[in-house]
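# Coordinate inspection notes
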Amino acid sequence: MKEFDRKTLANNIKELRKNRKLNQVELAKQLNVSQQTVGAWETGRAIPGSDTLDMLANYFGVTTDYLLGRNGLEDQKEDAAALTWADLDMPMPYGGKIPDDLKETYIDLAKSYFKRHPEYLNKD
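Throughout what follows, the structure given in this document is the object of discussion. (Residues numbered from 1 in each chain as written. Predicted model: local features only at pLDDT ≥ 70, side-chain atom pairs only at ≥ 80, totals over all residues. Heavy atoms only, no water.)

## Quick word on the side chain of Thr8
Threshold: By definition, any uninterrupted DSSP run of H or I lasting at least four residues is a helix, any uninterrupted run of E lasting at least two residues is a strand, and each is numbered from the N terminus. Throughout, exposure labels follow a simple rule: accessible area from a 1.4 Å probe, protein chains only, divided by the maximum for the residue type, with under 20% read as buried, over 50% as exposed, and the rest as partly exposed. Two residues form a contact once any of their heavy atoms are found within 4.5 Å.
Secondary-structure assignment places Thr8 in helix H1 (residues 6-19). Residue classification places Thr8 among the buried positions, given a relative accessible area of 18%. Those residues in contact with Thr8 that sit more than four places away from it in its chain are Leu67, Leu68 and Gly69.

Below, the structure is given as structure tokens:
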């Protein structure tokens with residue numbers, strides 16, 4: 001099992017907050033904690049308790065494992081970098097016949113998306 005990493009948790013909380021376009025004060029109000037508490041989480045000086053970790057996960061729509069950097073998400077991020085056209089299992093525009101000059105664009109978009117959202121990358 002992967003060992004807990006404070007820095008990963010801190011970075012994940014900060015990144016999720018920024019993705020929601022919230023500052024620390026706004027997130028603190030949403031979670032009923034102080035701005036100093038959010039700041040301590042984001043620098044790794046403090047770790048949310050299990051109830052608060054669950055509350056954070058629910059608020060951001062992720063799992064607690066995601067927040068903690070568990071379940072092979074780093075491996076999935078690397079997998080996203082290796083995507084090819086055949087790996088894209090999604091409805092295809094243009095009746096599935098993407099012009100060759102657009103294929104790389106679609107692959108780049110998918111890679112970028114899955115690097116930011118590895119929890120949606122299927123690992124069969």
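## Some remarks on the nonpolar core
For clarity, the threshold we go by: For the purposes of this section, nonpolar cores are sets of buried Ala, Val, Leu, Ile, Met, Phe, Trp, Tyr and Cys residues that join through side-chain atoms within 4.5 Å.
If you look at the biggest cluster of nonpolar residues, it comprises 17 residues, and the most contacted ones within it are Leu56, Val62 and Leu67. Counting residues per element, the ones that place at least two in this core are H1, helix H2 (24-31), helix H3 (35-43), helix H4 (50-60) and helix H5 (64-68). With four residues, H4 is the single largest residue contributor to this core.

## Regarding H3
Three or more residues of H3 are buried, namely Val38, Gly39, Ala40, Trp41 and Glu42. If you follow the buried residues of H3, they end up packed against H1, H2 and H4. Looking one or two residues beyond H3, the residue adopting positive phi is Gly44, at roughly 85°.

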